[in-house]
Amino acid sequence: MTHAPAPARPDRALSAPDPLDRVSRIPAVDVLRGLALGGIVVVNVLLFKASPSFEHLAATTIDGTVDRVAAVLVKVLAEGKFIGLFSLLFGFGVATQVGRWQAQGLPWRRLYARRMAALGVIGAAHLFLVWYGDILTTYAVVSVVLALFVNRTARTQLRWALGILGTLSAIGLGGLALLAIRWLTGSSALAAAERSAADSDAAEVPRLDEIYRNGGYLELVQERLTKPGGLIFGLTFSLVVLALMMLGMYVARAGLLADVAAHRARFVATARIGIGVGLPLNILVVIVQSTGGLFTVLAAQILLMALAAPLLALGLGAAVVLLSERRTLRALSAAGRLALTNYLLQSLVLTFVMYSYGLGLYGELGVAVGVAIALALYLTQLVAAVWWDSRVGAGPVELIWRRATYGWRRSIAS
């Protein structure tokens, strides 16, 4: 069953949206966004500090015991989990925002288009001018399809989300099964194809290393403009992003976060199943990736992103929601309200630390040191967020995004 949007009132179409004040915000949502920022920077720092390589998707191939342990912990506990949680919260935010627009009789399709177009511009600037690993452009692209599900029932949103994740999981499992059969039969063609792909990947890494270690800023920008590998990689997992966004819309439509007490049993069950099943499954994926070649690593990565990571993300998210009902997690909440600004700030700081036009540490740091730097940056952001939130309020990029949505001639207080 679809819900028709309320008719727009032209006299207030873009000029008077009711502000979402702090009392109206759902505290658990800000806390989860703040938590996701920490996991995202820990995963991303491994891409900031060295050239991306398919081989490094298998964390157990990292040289050095300390760095290998750190890489495995990041793989098991963070990779795919927090960007997945961020995607879920994005979908939750879309459903909540569109619901407010419709309730106020505003032209939600126009506002939605402006909001996502602005996000695309911000993402493109981040992608080409700062860092190739941007996710915002992927969100902006996926939002085109997401709009088709805004007014669908919660059950439909849930079915589509689970259907997409289930299909991708089956593809990952099927790929692993086929690879196992070909390996048992000793397929020389498979081995040759894997070697060719691995050699091509290995040849690209030195070229990228040279650019990011010694190239000037404009050379780095040119590299990202001519070879937007980060955008392509992000779009590769756009179906996972779409599914988790729809899951977030379901959570909003079902009112789960609006009244945690009423749904406590569901959150407890989600935490137990998500962590109890998701954690061993993520460990299993890491083990599988250590046993095969490049194709095995990639097939297992699909399984990680579509099944193992979402399961653990939901479990961790549910546990944090329950904790936030008992304790005031002020720092996480403040950081979550500045999520977009903090995300972009992480890229600005880490590119300066790693790239040639800054401190030039690219390729010089191990995984453990990189993770330590990421955690130090995140803790600094938590402290700064509390100060900023208590004195200033909204983040600068959040304000730009709101002004682009509602129009530049008015002051946005929400």
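Cut-offs and rules
- Residues numbered from 1 in each chain as written.
- Predicted model: local features only at pLDDT ≥ 70, side-chain atom pairs only at ≥ 80, totals over all residues.
- Heavy atoms only, no water.
- Helix = DSSP H or I, 4+ residues; strand = E, 2+ residues; numbered from the N terminus.
- Buried < 20%, exposed > 50% of the residue type's maximum accessible area, 1.4 Å probe, protein only.
- Areas by Shrake-Rupley, 256 points an atom, 1.4 Å probe, with all protein chains shown as cover.
- Salt bridge = Lys/Arg side-chain N within 4 Å of Asp/Glu carboxyl O.
- Polar contact = N/O pair within 3.5 Å; in protein donor to acceptor, adjacent residues only side chain to side chain.
- Phe/Tyr/Trp six-rings, centres within 6.5 Å; stacked < 30°, edge-to-face > 60°.
- Lys NZ or Arg CZ within 6 Å of the ring centre and 35° of its normal.
- 1 Å grid on protein atoms, 1.4 Å probe; cavity = no way out; pocket = protein on both sides within 12 Å on 5 of 7 lines; lining within 4 Å.
- Points joined across faces, edges and corners; volume = space filled by probe spheres on them.
- Nonpolar A, V, L, I, M, F, W, Y, C, P; charged D, E, K, R; others polar.
- Patch = residues over 30% accessible without salt bridge, like charges linked within 9 Å, V, L, I, M, F, W, Y side chains within 5 Å.
- Axes fitted to C-alpha atoms, helices over the stretch in contact; angles between N-to-C directions.
- Parallel < 35°, antiparallel > 145°, perpendicular 65-115°, else oblique.
- Left-handed = near helix turned anticlockwise from the far one by under 90°.
- Contact = heavy atoms within 4.5 Å.
- pLDDT = per-residue confidence, 0-100.
- Expected span 1.5 Å × (residues − 1).

So, on to the overall build of the chain. The helix and strand inventory of the chain stands at 16 helices and zero strands. Counting every position in the chain, which comprises 414 residues, the buried fraction comes to 50%. A total of about 19,000 Å² of accessible surface is found on the chain, and carbon and sulfur atoms cover 67% of it.

On to the pattern of salt bridges. By the definition in use, this model includes five salt bridges. Between Arg 337 and Asp 30 there is a salt bridge, with the nearest N and O atoms lying 3.5 Å from each other. In this pair, Arg 337 is assigned in helix H13 (residues 330–337) and Asp 30 in helix H1 (residues 27–48), connecting sequence segments 307 residues apart. For Arg 337, a relative accessible area of 17% corresponds to the buried category. The residue Arg 207 makes a salt bridge to Glu 223 at a minimum N-O spacing of 2.8 Å.

Among the structural elements, Gln 289 can be located in helix H11 (residues 264–289). Classification of Gln 289 by relative accessible area gives buried; the value is 2%. A polar contact is formed between the side chain of Gln 289 and the backbone oxygen of Val 297, at a distance of 3.0 Å.

Okay, the packing of aromatic side chains next. The tally for this structure, following the rule as stated, stands at 13 aromatic pairs. Ring geometry for Tyr 212 versus Tyr 362: centroids 5.4 Å apart, planes at 25°, classification stacked. Taken as a pair, Tyr 212 in helix H7 (residues 188–214) and Tyr 362 in the loop between helix H14 (339–354) and helix H15 (367–391) lie far apart in primary sequence, 150 residues in all. Just as Tyr 212 is buried, Tyr 362 falls in that class too. Cluster of aromatic residues (ring-pair linked, three or more members): Phe 48, Trp 131, Tyr 132, Tyr 212, Tyr 217, Tyr 355, Tyr 357 and Tyr 362. Here the guanidinium or amino end of Arg 115 rests over the ring plane of Trp 401, the centre of that ring lying 3.8 Å away.

Applying the stated criterion across every chain, the model contains one cavity of 30 Å³ or more. As a volume, the largest cavity reaches approximately 30 Å³. Counted by class, the lining of the largest cavity contains six nonpolar, one polar and no charged residues.

Taken together, the side chains of Leu 129, Tyr 217, Leu 218, Phe 352, Tyr 357 and Leu 359 make up a nonpolar region of the molecular surface, amounting to roughly 600 Å² of accessible area. Topologically, Leu 129 is positioned in helix H4 (residues 108–129). What makes Leu 129 partly exposed here is its relative accessible area of 42%.

Another point: the packing of H14 against H15. Helices that pack against each other are described as a pair by the angle of their axes relative to one another and the distance between those axes. Contact pair H14 / H15: the axes reach a minimum separation of 11 Å and the direction vectors enclose 135°. Regarding the angle of H14 to H15, the classification is oblique. Of the two possible hands of crossing, H14 and H15 adopt the one that is right-handed. Contacts between H14 and H15 involve Asn 342, Leu 345, Gln 346, Val 349 and Leu 350 from the first element and Ile 373, Leu 377 and Gln 381 from the second. For the contact of H14 with H15, the residue count by class is five nonpolar, three polar and no charged.

Here the chain averages 86 in pLDDT, while 84% of its residues score no lower than 70. The model gives residues 1–16 a pLDDT under 50, and that stretch makes 33 contacts with residues more than four places away or in other chains. Confidence over residues 410–414 falls short of pLDDT 50; this stretch has 14 contacts with residues more than four positions distant or in other chains.

This part covers the environment of Met 354. Structurally, the position occupied by Met 354 is in helix H14. On the accessibility criterion, Met 354 (0% relative accessible area) is buried. Residues Met 354 and Tyr 212 lie 142 residues apart in sequence; the distance between their C-alpha atoms is 8.4 Å. With residues up to four places along the chain from it excluded, the contact list for Met 354 reads Val 45, Phe 48, Lys 49, Gly 360, Leu 361, Tyr 362 and Leu 365.

Look at H14: 22 Å from first C-alpha to last across 16 residues, which is about the 22 Å you get at 1.5 Å a residue. In terms of residue burial, H14 counts as a mostly covered element, since twelve of its 16 residues are buried. By the burial criterion, the buried members of H14 are Ala 339, Leu 340, Thr 341, Asn 342, Tyr 343, Leu 344, Gln 346, Ser 347, Leu 350, Thr 351, Val 353 and Met 354.

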